[in-house]
Amino acid sequence: MNNVTPNHFSNKLELSYKNRKSFLTDRAELKLLLPGIVFGFLLFLLGIYEWFNGLKTGGDLVIPAIETADYKPFLAVWFFDLCFVIVGLGIVITNILIYMRYNKYKFLGKKVVIIKRPIWRDKIILQEDLQNYTGVRFRVEFLQSGFLTHNRYVVELYHPNSEKIVPLYLSTSPNGVRKKWKEYARAFKLPALINTDDGLKSIDLKNLNKSVSQLVKMNIIKDTYDSYDSLPSSVDFVRKKDKMVLKVRKIVWDAYNLLAWLAILLIGSVVLLVLLNFDAFRQTYASTLYVMLIVALSIIFIAVQILFRKEKLVIKKHKIVNTHKYMLFSTKHNEIFKKDIEAIEVTENPATGRYFVSVISEDNTITFGAKMSIKDLQWIKRFLIHEIIK
């Protein structure tokens, strides 16, 4: 497997490639960073305000409503104020530093000039001939945003040296990504590439527009599904009157989940501490206490829902539907008509090294089974190809 993957900064980017002269800047979008900057700044101001307010009133300790001579306060109020100041300032500085870094790409005839601006180092300038690029690669990667995960769809000019890979199209929407992939492959007259469990797969341009059913008839894809194969232990299979359902049987915990649980425990501990000293905190934070409690409890509720989410693939007569089942409800996430499916691959998430099944049409992409084993994903791939061509 050749999993050379660079770190792109944007979530929305598109190269306009005309007359072999173009310019592109890849950096984090300011509009996505502004909410964090504003929130951090407000948190900082809240800490400063409460700190100075405490100094004026002389209230430097969290004490219960009924005072006793031998009462020992657990924590001083200024400690919470200091936490607000430090966390708020940290959020502001982090988001500003993220915006300061960027990569610039210049297409000048037969050459590409790459200018990288890291946070802590001087600019790096690289040059490369276009003829040394081996293809236009499409991949899907999972991005973690707090408790939430979402897909980023990447089309890039591929080079074996990850420092010289050029992003051509980045989006968090699956709509039209494969179409862009085809357009860039034709514009650069290079093969289309995709990372699979079998390595970096090259697709001839003339086959990019063909459906899975057509590719099976041409013997480019083979239907190797065996109905006597045992069902993978990680998959639940249910056959109903008008559909079949594939479900992830169990939740697989990884490092991101453990960090999320740690955050929940920390937030929950703070909430518990506040509730145990509610009267004292209400006197000190009268104007904001209820809002902070509601926000904290809402974060915990949403996070638990997300952590216990399970995926389902619903295979109907004419289409495949991807749904997410939460503890209290289900949502329809995506769908693709069978006749429009042009590829089913077991592809890699470079951020975690795990694999997942990608069901790809020209205008859409479904991803499924992000934490399952390669063997189980290969069974799902064979099953889906068989069901599509029936």
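It should be noted that the structure appears before, not after, this text.
### Regarding the pairing of strand β11 (residues 235–239)
Two strands pair when backbone bridges link them, and β11 and strand β12 (residues 244–248) are joined in this way by five bridges, in the antiparallel orientation. When the bridges of β12 are listed, Arg239 appears paired with Met244. Where β11 folds back on β12, the antiparallel hairpin that results is connected by four residues.

### A short note on helix α3 (residues 177–188)
Here α3 spans 17 Å end to end across twelve residues, near enough to the 16 Å set by a 1.5 Å rise per residue. The complete set of buried residues in α3 reads Val177, Arg178, Trp181, Lys182, Tyr184, Ala185 and Phe188. Looking one or two residues past α3, Lys189 carries a phi angle of roughly 55°, positive in sign.

### Observations regarding the packing of aromatic side chains
Using the criterion set out here, one finds seven aromatic pairs in the structure. Taking 6.5 Å as the distance between ring centres and 25° as the angle between the ring planes, the aromatic pair formed by Phe41 and Phe44 counts as stacked. One end of the pair is Phe41 and the other is Phe44, both in helix α1 (residues 30–57) and three residues apart, which spans about a single turn. For Phe41, a relative accessible area of 43% translates into the label partly exposed. A centroid spacing of 6.2 Å and a plane angle of 70° characterise the contact between Tyr225 and Trp379, whose relative ring orientation is edge-to-face. Here Trp379 lies in helix α8 (residues 374–389) and Tyr225 lies in the loop between α4 (212–217) and β11, a separation of 154 residues in the sequence.

### So, the pattern of salt bridges
All told, the structure shown has 19 salt bridges when counted by the stated rule. In this structure, Asp129 engages Lys111 in a salt bridge whose closest nitrogen and oxygen atoms are separated by 2.8 Å. Here Lys111 lies in strand β4 (residues 111–117) and Asp129 lies in strand β5 (residues 124–129), a separation of 18 residues in the sequence. Between Arg139 and Glu156 there is a salt bridge; the shortest N-O distance is 2.7 Å. Highlighted residues: Arg139 in strand β6 (residues 135–145) and Glu156 in strand β7 (residues 148–158), separated in sequence by 17 residues.

### What to know about the pairing of strand β9 (residues 192–196)
Across the five residues of β9, five count as buried, placing the element largely inside the fold. Burial along β9 is two-sided: the face carrying Ala192, Ile194 and Thr196 and the face carrying Leu193 and Asn195 are both buried. Where β9 and strand β10 (residues 199–203) come together, five bridges link them in antiparallel fashion. From the neighbouring strand, Ile194 faces β10, where its bridge partner is Lys201.

Conventions we followed
Residues numbered from 1 in each chain as written. Predicted model: local features only at pLDDT ≥ 70, side-chain atom pairs only at ≥ 80, totals over all residues. Heavy atoms only, no water. Pairing = 2+ DSSP bridges. Helix = DSSP H or I, 4+ residues; strand = E, 2+ residues; numbered from the N terminus. Expected span 1.5 Å × (residues − 1). Buried < 20%, exposed > 50% of the residue type's maximum accessible area, 1.4 Å probe, protein only. Phe/Tyr/Trp six-rings, centres within 6.5 Å; stacked < 30°, edge-to-face > 60°. Salt bridge = Lys/Arg side-chain N within 4 Å of Asp/Glu carboxyl O.

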